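Spelled out, the chains give:
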Amino acid sequence: MNGNHGFHIAGELLQHILVGIVTDGNGNTYKGSVAATGTVRMIKLDIVGNFRDIGGRNTMYGGKIKYGMMYRSEELNAAKREGIEQLLDMGIGAEIDLRGMDQSISKFNFTVEDNTYYCADLGEMEYYIYLTDKGKKMFKDELVFIVDNLKRGNAIHFHCTAGADRTGMLGCMLYALLGCSEDDIYKDFELTCFAGAPGRTKDEVDRRFMKYVRENFAGETLNEKYEDFYINQAGVT
C-alpha cells in the first residue's frame, strides 16, 4: 500500500489523508482514500508527554482561540537540550511552572528577572485555593504574567508534574475567561485521560472545584463567574 500523509498544524485543521491500492482474495483491485479532519489538540513529541495547544476552540464572542500562543504539558525534567530547542522553535518564550518553589527550575533557562518564568505554588487542585489570599494573589499574578508575555509576542508553556490536575485547573480557567463553552472546557480536561493519566473526568473536576465556582461566583456563565472572581476577588483591573 502506498501512503500519502498530510499534517498541517499552523492552520485551522489537522488533516490525515491515506490513499492506497488493495487487492482482495479474488484478484480484484480497489483504489480509494480516507480523510479525517478535526481541530488540533494533542501534539505528539518525543521529549514530553500530554503536550497540547489550547488553541482552536470556538468562543461565545464568535471567534476562535488562536493556535500557537499557549501550550500545556507535563514537566520537562527529562527533556534534553535539543528537545528544548524544538519547543523554542515553536515560539515558546515564557513558562508557568505550577509544581511549587521546591521543584522550580526552568529547562528553557527563562528567568523571573526578565518576567519569562513564573513559579506558582498552587498546591492541590481544590476549590479552597480560591478562598485564600495566597491563592487570589497567585491567580492574579499568573494572569498578569500571561497578558504581559502575549503582548510581547511570547508563546507560553504551562505545566505541573503530570500536566493533569494543576495544569488542568489553569486550563479550565483560561478557557472560561476566553468564553469557551462548558462542554469544551470539560472535553479539554478529559483529554488528559488519553495521555496516560486516567480519572480526569467531568465528575472529578466538578467535585474538586467547578461546583464551587458555579455556586459561589456571580454571573450566569462560567465566563461571567471567572470574570467576577478575577475582578472582584483577585483584584485584577
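Quick note: structure is the one above.
All values reported here derive from a predicted model rather than from experimental measurement.

Some details on the overall build of the chain
In step 1: Tallying secondary structure elements over the chain gives six helices and seven strands in all.
In step 2: For the chain, the α and β elements follow one another from N to C terminus as β-β-β-β-α-β-β-α-β-α-α-α-α.
In step 3: Counting over 237 residues, the chain shows a buried share of 46%.
In step 4: Here the analysis covers contacts within the chain between residues at least 6 apart in sequence; of these, 55% occur between residues at least 24 apart.

What to know about the pattern of salt bridges
In step 1: By the definition in use, this model includes 16 salt bridges.
In step 2: Close ionic contact of R57 with D184 constitutes a salt bridge, the shortest N to O distance being 3.5 Å. Note that R57 is positioned in the loop between β3 (52-53) and β4 (70-73) and D184 in helix α4 (residues 182-190), a separation of 127 residues in sequence. Taken as a pair, R57 and D184 share a single burial class, namely buried.
In step 3: The closest approach of N and O atoms between R99 and D97, which form a salt bridge, is 2.7 Å. As far as the burial class goes, R99 and D97 line up, both buried.
In step 4: Each member of the salt-bridge network shares a partner with another, and the members are D165, R200, E204, R207 and R208.

So, the packing of helix α2 (residues 133-151) against helix α6 (residues 222-233)
In step 1: Running from N to C, α2 and α6 point in directions that differ by 105°, and their axes come no closer than 10 Å. Taken together, α2 and α6 sit at an angle that is classed as roughly perpendicular. Here α2 contributes K136, F139, K140 and L143 to the contact with α6, which in turn contributes F229, Y230 and Q233.
In step 2: Taken together, the residues that form the contact of α2 with α6 break down as four nonpolar, one polar and two charged.

Focus: the sheet that holds strand β5 (residues 92-97)
In step 1: Here five strands make up an open sheet; going across it, the order is β3-β4-β7-β5-β6 and the pairing mixed. Strands with a single pairing partner mark the edges of an open sheet, and in this sheet they are β3 and β6 (117-119).
In step 2: Relative to β4, β3 runs antiparallel, the two being bridged by two bridges. In the strand pairing of β4, R52 is matched with R72.

A look at the packing of aromatic side chains
In step 1: Using the criterion set out here, one finds 13 aromatic pairs in the structure.
In step 2: Judged by centre distance (5.1 Å) and plane angle (80°), the ring pair of Y130 and F229 falls under edge-to-face. Here the residue Y130 occupies a position in the loop between β6 and α2, and F229 occupies one in helix α6, the gap between them amounting to 99 residues.
In step 3: Residue class for F229 comes out buried when judged on its relative accessible area of 0%.
In step 4: For the ring pair F229 and Y230, a centre distance of 5.4 Å and an interplane angle of 75° mean the geometry is edge-to-face.

What about the pairing of β4?
In step 1: Residues of β4 alternate between two faces, with M70 and R72 on one and Y71 and S73 on the opposite face, all of them buried.
In step 2: Pairing geometry for β4 and strand β7 (residues 155-159), over four bridges, is parallel. Within β7, the residue paired with M70 across the bridge is I156.

How each quantity is defined
- Residues numbered from 1 in each chain as written.
- Predicted model: local features only at pLDDT ≥ 70, side-chain atom pairs only at ≥ 80, totals over all residues.
- Heavy atoms only, no water.
- Helix = DSSP H or I, 4+ residues; strand = E, 2+ residues; numbered from the N terminus.
- Buried < 20%, exposed > 50% of the residue type's maximum accessible area, 1.4 Å probe, protein only.
- Contact = heavy atoms within 4.5 Å.
- Salt bridge = Lys/Arg side-chain N within 4 Å of Asp/Glu carboxyl O.
- Axes fitted to C-alpha atoms, helices over the stretch in contact; angles between N-to-C directions.
- Parallel < 35°, antiparallel > 145°, perpendicular 65-115°, else oblique.
- Nonpolar A, V, L, I, M, F, W, Y, C, P; charged D, E, K, R; others polar.
- Pairing = 2+ DSSP bridges.
- Phe/Tyr/Trp six-rings, centres within 6.5 Å; stacked < 30°, edge-to-face > 60°.

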